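# Structure assessment
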Amino acid sequence: MNPLLSLLQPYPFERLRQLFAGVTPAPEYRAISLGIGEPKHPTPQLIKDALANSMDGLAAYPATAGDIQLREACAGWMDRRYGVKVNPATQILPVNGSREALFAFAQTVIDPSRPGATVVSPNPFYQIYEGAALLSGATPYFAPSVAERNFAVDWDSVPDEVWQRTQLIFVCSPGNPTGAVMPLSEWEKLFALSDKYGFVIASDECYSEIYFRDEAPLGGLEAATKLGRTDFKRLMMFTSLSKRSNVPGMRSGFVAGDADLIKSFLLYRTYHGGAMSPTIQKASIAAWNDEQHVVENRALYRQKFAEITPMLSKVMDVALPDASFYLWAKVPDSLGMSDTEFAKALLAQYNVTVLPGSYLAREANGINPGAQRVRMALVAETAECREAAERIVQFIQSRT
């Protein structure tokens, strides 16, 4: 067996199952889960129609590079959304969801034969970043994201000697779990570091279309364009239809950026078997070409967060995020409970599931930046989220 597999830690939801082992949820309450970030809004009819009308393609092997019509649809969306011009033939590559692409990209980029191969990741983080680093033969280094900085990642905390051996950095903006969006000044800082040390930037932007401000979140390629870096050297963005269009089961997204990186990633994926089904490609074209369903989906989240956030803010330190569909809430000090104790007791007393923040982070320099916080995924219909929030308020009030 690959010895690197032994370095992988249990996924957060496996740890949650272990935490809840032996807990009997209050039977008088129906179960409500805010634990998993899985979109629950209805899938748009236009996408379902496109799927149903595209079955003829199942009789052919798809090309790993994807159909040019799909790549053109992706490039067109990039232009409309970000004002970014990319060549669909050389700077776009369809992928089976951003998760598998983020993982596979590290295998393409990392040279484990170089001493001290390092991957820098935000902390807390999406655990795929850590697994991708470890199984590519690199060592992850975690840069903290804390409340005192409004959950901006402290890239300045990374020592020069770490940057010198860094080959890849994962950026998540809007962030999971904090919802923080990186401003142009932060991108400029990372680009300067990339120029100096030669590492690749992987920008995970799967939450980019769920936001609560008037201005849409800044994207990595958009930031590069604003700074005159139109060749996107050492930069790749990853995006997905899962959250944007409520189709996590389709496993459809794309990567865009540096043409040289795309070329190498395509070679890797040709052997890896990463081709997208022709049926999924047709449905994806319909999704990327339509924006109305995205506007309607965003409006549902805005209404929901506008109602739920004030309810919880009365008893917890929690605020409306820049974007994403998570609330990143602090466990009240008055409870005298850890984030895991909070999650366990809440399930037992009110049958509501939240994810302990410490499960989404790693201890670095003696600090786990996710500790004493919980992530709440407001993905269900508003009424169910409201009921969950009411129970959480009751739970906290009953113990203070």
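Everything here concerns the structure above.
A brief report on the enclosed structure follows. All values reported here derive from a predicted model rather than from experimental measurement.

## Focus on a nonpolar patch on the surface
A contiguous nonpolar surface patch, about 350 Å² in accessible area, is contributed by Met 1, Leu 5 and Leu 8. You can see Leu 5 is positioned in the segment before α1 (12–20).

## Some details on the sheet that holds strand β7 (residues 235–240)
The seven strands are arranged β2-β8-β7-β6-β5-β3-β4 in an open sheet whose pairing can be described as mixed. The open sheet has two edge strands, β2 (92–95) and β4 (139–144), and neither has a second partner. Across the sheet, the axes of successive neighbouring strands diverge by a mean angle of 20 degrees, strand direction being ignored. Strand direction decides the pairing type here: strand β3 (residues 118–123) and β4, joined by six bridges, are parallel. Across the sheet, Ser 121 pairs through a bridge with Phe 142, a residue of β4. Set on the sheet, helix α3 (residues 68–82) makes contact with β2, β7 and β8 (253–257); between it and β2 the angle comes to about 110 degrees.

## Comments concerning the layout of surface pockets
In this structure, the largest pocket spans a volume of roughly 500 Å³. As for the largest pocket, its lining consists of 25 residues, of which Tyr 11, Gly 37, Arg 99, Tyr 126 and Lys 243 are closest to the centre. Put simply, the parts of the chain that give the lining of the largest pocket at least two residues each are α1, α4 (98–109) and α9 (241–245). Its residues assigned to classes, the lining of the largest pocket comprises 13 nonpolar, six polar and six charged.

## Some points on the nonpolar core
Of all hydrophobic cores here, the largest spans 52 residues; its most connected members are Leu 34, Leu 312, Met 316, Phe 342, Val 354, Met 376 and Ile 392. Elements with a contribution of two residues or more to this core: α1, α12 (292–313), β9 (326–330), α13 (339–350), β12 (373–377) and α14 (382–397). Top element by residues in this core is α14. It accounts for seven residues. Once you skip the residues sitting within four places of it in the chain, Met 316 turns out to touch Ala 329, Lys 330, Val 331, Pro 332, Phe 342, Val 374, Met 376, Ile 392 and Ile 396. Grouped together as the second largest cluster of nonpolar side chains are 48 residues, Ile 47, Ala 143, Ala 224 and Ala 256 included.

Calculation rules
Residues numbered from 1 in each chain as written. Predicted model: local features only at pLDDT ≥ 70, side-chain atom pairs only at ≥ 80, totals over all residues. Heavy atoms only, no water. Patch = residues over 30% accessible without salt bridge, like charges linked within 9 Å, V, L, I, M, F, W, Y side chains within 5 Å. Areas by Shrake-Rupley, 256 points an atom, 1.4 Å probe, with all protein chains shown as cover. Salt bridge = Lys/Arg side-chain N within 4 Å of Asp/Glu carboxyl O. Helix = DSSP H or I, 4+ residues; strand = E, 2+ residues; numbered from the N terminus. Pairing = 2+ DSSP bridges. Axes fitted to C-alpha atoms, helices over the stretch in contact; angles between N-to-C directions. Contact = heavy atoms within 4.5 Å. 1 Å grid on protein atoms, 1.4 Å probe; cavity = no way out; pocket = protein on both sides within 12 Å on 5 of 7 lines; lining within 4 Å. Points joined across faces, edges and corners; volume = space filled by probe spheres on them. Nonpolar A, V, L, I, M, F, W, Y, C, P; charged D, E, K, R; others polar. Core = buried A, V, L, I, M, F, W, Y, C linked by side-chain atoms within 4.5 Å. Buried < 20%, exposed > 50% of the residue type's maximum accessible area, 1.4 Å probe, protein only.

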